[in-house]
Amino acid sequence: MRQVVKLAVFLMLLAGAAGAVLALSHNLTQPRIARQLASEKRSALASVLPQATAFSDQTAATAAVRRRAEFADVREVWVGRAAGRDAGRAYLVAPVGYGGPVETLVGIAGGGRVVAVRVVSASRETPGLGLLVKEQSFLGQFSDQPAGVRFSVVTRVPGAAGEVQAVTGATISSRAVVRAANTALELEAALAGTRTLAGAGTGAGTGAGAGDGAGGGGG
Amino acid sequence: MEIAAILLGNILINNFIFSRFLGLCPFFGVSRRVDTAVGMSLAVTFVTTLAAAVTWALQRLILEPLRVGYLQTATFILVIASLVQFVEIVMHRFVPGLYRGLGIYLPLITTNCAVLGVAVLNGEQRYGFGGAVASGLAAGLGWGLAIVLFASVRRRLELAEVPPAMRGFPVAFLAAGLMSIAFSGFAGLFSRLFLR
Amino acid sequence: MSVIRDFTRGLRDENPVFRLVLGLCPTLAVTTGLEGGFWMGVAVVFVLFSSNIIISALKGIIPPWVRIPSFVTIIAAFVTVVQMLMHAFLPATFRVLGLFIPLIVVNCIILGRAEAFASKRPVVNAAADGLGMGAGFLTALVVIGAIRELLGTGNLKVAGAALLGAGVLRQPALIALLPPGAFLTLGVLLGVLNHFTRQGRGTAAQHMGFCTGGHCASGGEAGSAGGAGGTGAGGAGGVPTAGCGAGGAGVRCGWR
């Protein structure tokens, strides 16, 4: 019995020492990690809503609308502002791709026009195939499309508006990104009707007023 | 439906051996005979299922509320090691034949990447309890499927005329590679069966 | 002298990947590129080196009955430290390596060396052994990663810079980057290595190392580890002892 107690005490001390070392390392590295995450988030948001200078996290505020089944993949909702005026919304949607979630950030300006799409993380997709959905050559197809159009994947050169050519050999990953974009558009439409977003929607429409006139000129 | 997707996913589409590369050391070690392979798979499946359940509880009820997520690796592996020891004792008591048959391979399940792997993956995927258990079960079953299939292939390899430099591991790896190609044929199954 | 030998042994004679065929999971999974292989190798060197030193330093006070859980605790602590360091200083690599960083803790090489070597030798030798084995692992991973990246993309990328200009293959073999390619690459590599380094008792790559236990110490169970009683109270079970591939007395585990 004494033997067991001795062994147990030793293990406890060892585990305690290890735990202390880990807690210390955690405290030392955590600030840096947090800073990195924040700056990565900022630069991702800036890349999908280039006109905005400030972003506010509206994920919590939109929880009620997002509870609908079709919005299950939406992780975050951000509102961009520029000079106090509305500059679009960014949605982080993570549908399942080939091997796991494909975290896609979709920037939408007034009238349901997609500004840009960025794939934030696709770590479970295949290198050389599915991972190529992160490339601008694929993602660029989402910009410059008419407002409110619904995206679909094609395996040839796109003909109609809203058609996006899949990455060769990576239809599944491509479809995931397209689903993300469509989900974001649907959520945008749903939110515009409810005025849940702070400062978004200068009226029933999706703020197609002054805010976007000044900011949305480019594109 | 989600459970079905998880089962299918971990057994066939993202098979733990041929797709995820988890549990390879014992895979190449135990697959010389089909009966050992079967016995080992049963033991591993038992452990992965149990480990998935326990580590889920550990993560959700202790690590997250106390905000010590960084202790995940250490606590998980120690829990798994204890679980394996526990399984050993239980097996020794209730199924001594199988226990003896497995011999040294039983404690080695602790170092089987598949066990720790499925535990960590479950956390990443944010499964509920049912999903986590299904995932653990499927991981073990998929691992077992791979190893039993592979054992049959290796029996034939032993009788084949293999160039001296390739005998043993090299040709086994080539065989595994071909089987991996076969398994990658399941890739499109998800989107076909579970169209969202 | 012996310290130097302890170091070089891990590089060549008992290279964990090419000779002992251990630590396969990360070897196949993260070698889709030269960089991935390199950083995983670095992580393992760090863990091996540190844990070998600590375990060797504490070998006097770790009670034998709970040595496995103790080793696991120490190794797990270092692995977690590596995780945090990578997350903080190499976030891109951290994401690429993903799941396999925490899996370093069940890497047979590390636990194997702790059990077979570090817990029995002085700190300096243990440190050299850790460095050597780690370096051997790193080398193997870099070689495999380079081959797969070259075949799969026609180019080698280091820190974002392509080393071979626009690539040397017009139609790269994508399969090299996919799971089958990993198996095939390693199989061919092992075959080639065997061909050029034929050992006396059959080819070295047939010998199994530590973690596949039963084949070790041919002619008997793997030492004291046999059975539940072996490592006692709450231990992680009978991970086999004995110098399998530990080069204790140049003993090689026979392939059954």
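Everything numeric here is computed off the predicted structure, so don't read it as measured data.

**Remarks on the pairing of strand β3 (residues 85-93) of chain A**
All names here are of chain A.
Logical step 1: With eight of nine residues buried, β3 lies mostly within the body of the structure.
Logical step 2: Relative to β3, strand β2 (residues 74-82) runs antiparallel, the two being bridged by seven bridges. Across the sheet, residue Val 77 finds its bridge partner in β3, namely Tyr 91.
Logical step 3: The loop that links β2 with its antiparallel partner β3 comprises two residues; one of these, Ala 83, has a positive phi angle of about 50°.
Logical step 4: Pairing of β3 with strand β4 (residues 103-109) involves five bridges; the strand directions are antiparallel. The partner of Val 93 across the bridge, within β4, is Thr 104.

**Considering the packing of helix α1 (residues 2-11) of chain C against helix α7 (residues 123-153) of chain C**
Residue and element names in this part refer to chain C.
Logical step 1: Direction vectors running N to C along α1 and α7 enclose 25°, while the axes themselves pass 6 Å from each other. Put simply, α1 runs roughly parallel to α7. The two elements α1 and α7 cross, and the hand of that crossing is right-handed. The residues of α7 that touch α1, namely those facing Ser 2, Val 3, Asp 6, Phe 7, Arg 9, Gly 10 and Leu 11, are Val 124, Asn 125, Ala 128, Asp 129, Leu 131, Gly 132, Met 133, Ala 135, Gly 136 and Thr 139.

**Details of the sheet that holds strand β1 (residues 54-57) of chain A**
Residue and element names in this part refer to chain A.
Logical step 1: Spatially, β1-β2-β3-β4-β5 is the arrangement adopted by the five strands of the open sheet, whose pairing is antiparallel. Of all strands in the sheet, those with a lone pairing partner are β1 and β5 (113-121), marking the two edges. Across the sheet, the axes of successive neighbouring strands diverge by a mean angle of 25°, strand direction being ignored.
Logical step 2: Note: β4 against β5, seven bridges, orientation antiparallel. Paired with Glu 103 across the strands is Ser 121, a residue of β5.

**A word on the pairing of β2(A)**
Logical step 1: Pairing between β1(A) and β2(A): four bridges, direction antiparallel. Looking across to β2(A), one finds that Ala54(A) is bridged to Arg81(A).

**Digging into unusual backbone geometry**
Logical step 1: A positive phi is found at Asp144(A), a non-glycine position, where the angle reads about 55°.
Logical step 2: Relative to the elements of secondary structure, Asp144(A) occurs in the loop between α3 (136-139) and β6 (152-154).
Logical step 3: For Arg67(B), which is not glycine, the phi dihedral falls at a positive 55°.
Logical step 4: Examined against the element boundaries, Arg67(B) turns out to sit in the loop between α3 (34-63) and α4 (72-94).

**Some words on a nonpolar patch on the surface**
Logical step 1: Where nonpolar side chains cluster on the molecular surface, the patch consists of Leu150(C), Leu151(C), Val158(C), Leu163(C), Leu164(C), Val168(C) and Leu169(C) and spans about 540 Å² of accessible area.
Logical step 2: One can find Val158(C) in strand β1 (residues 157-158).

**Quick look at the environment of Ser82(B)**
Logical step 1: Along the chain, Ser82(B) falls in helix α4.
Logical step 2: In sequence terms Ser82(B) and Thr110(B) are 28 residues apart; their C-alpha atoms lie 8.8 Å from each other.

**Some points on the packing of helix α1 (residues 2-13) of chain B against helix α7 (residues 129-159) of chain B**
All names here are of chain B.
Logical step 1: With their axes 7 Å apart at the nearest point, α1 and α7 run at an angle of 25° to one another. Classified by the interaxial angle, the pair formed by α1 and α7 is roughly parallel. Crossing angle aside, the handedness with which α1 passes α7 is right-handed. Residue-level contacts link Ile 3, Ile 6, Leu 7, Asn 10, Ile 11 and Leu 12 of α1 to Gly 130, Gly 131, Ala 134, Ser 135, Ala 138, Ala 139, Leu 141, Gly 142 and Leu 145 of α7.
Logical step 2: Split by residue class, the contact of α1 with α7 holds ten nonpolar, five polar and no charged.

**Considering the interface of chain A and chain B**
Logical step 1: Counting from both sides, the interface comprises eleven residues of chain A and, opposite them, ten residues of chain B.
Logical step 2: With both chains or domains summed, chain A and chain B bury close to 1000 Å², and 51% of this area falls on carbon and sulfur atoms.
Logical step 3: The tally of links from chain A across to chain B stands at zero salt bridges.
Logical step 4: Here chain A is connected to chain B by zero residue pairs in polar contact (both at pLDDT 80 or more).
Logical step 5: Among the secondary structure elements, those contributing two or more residues to the side of chain A that touches chain B are α1 (2-48) and α4 (171-192) of chain A.
Logical step 6: Here the element with the most residues in the side of chain A that touches chain B is α1(A); it accounts for three residues.
Logical step 7: The class makeup of the residues in the side of chain A that touches chain B is six nonpolar, two polar and three charged.

Basis of the calculations
Per chain, the residues get numbers from 1 upward, laid out in the order the sequence is written. Starting at A for chains and at 1 for ligands, labels are handed out in the order in which the entities are written. The model is predicted, so local features are restricted to residues of pLDDT at least 70 and side-chain atom pairs to those at 80 or more, both for listing and for counting; the totals for chains, interfaces and linings are taken over all residues. Only heavy atoms go into the side-chain values, all of them from the structure, while hydrogens and water stay out. Between buried and exposed lies partly exposed: a residue is buried under 20% and exposed over 50% of the maximum accessible area for its type, with that area taken using a 1.4 Å probe on protein chains only. The helix and strand labels rest on DSSP assignments: H or I over at least four residues marks a helix, E over at least two residues marks a strand, and numbering proceeds from the N terminus. The criterion for strand pairing is that DSSP finds at least two bridges linking the strands in question. Axes, fitted as lines to C-alpha atoms, cover a helix only where it is in contact. Angles between the N-to-C directions of the axes lie from 0 to 180 degrees. Any angle from 65 to 115 degrees is called roughly perpendicular, while one under 35 is roughly parallel, one over 145 is roughly antiparallel, and all others are oblique. Left-handed describes a crossing in which the near helix is turned anticlockwise from the far one by less than a right angle; the clockwise case is right-handed. Note on definitions: a residue-residue contact is assigned when non-hydrogen atoms from the two residues lie within 4.5 Å. A patch consists of residues whose relative accessible area exceeds 30% and which take part in no salt bridge; residues with like charges are grouped when within 9 Å of each other, and nonpolar side chains (Val, Leu, Ile, Met, Phe, Trp, Tyr) when within 5 Å. For the accessible areas, the method is Shrake-Rupley and the probe is 1.4 Å, while residue cover comes only from the protein chains on display. Whenever a carboxyl oxygen of Asp or Glu lies within 4 Å of a side-chain nitrogen of Lys or Arg, that contact is scored as a salt bridge. Think of it as three bins: nonpolar holds Ala, Val, Leu, Ile, Met, Phe, Trp, Tyr, Cys and Pro, charged holds Asp, Glu, Lys and Arg, and polar takes everything else, Gly as well. Once two parts are brought into contact, the accessible area they lose, counted with a 1.4 Å probe and summed over both, makes up the buried area. In protein, a polar contact means a hydrogen-donor-capable atom and an acceptor-capable atom, both N or O and within 3.5 Å, with residues adjacent in sequence counting only if both atoms are side-chain atoms; elsewhere, any N or O pair within 3.5 Å suffices.

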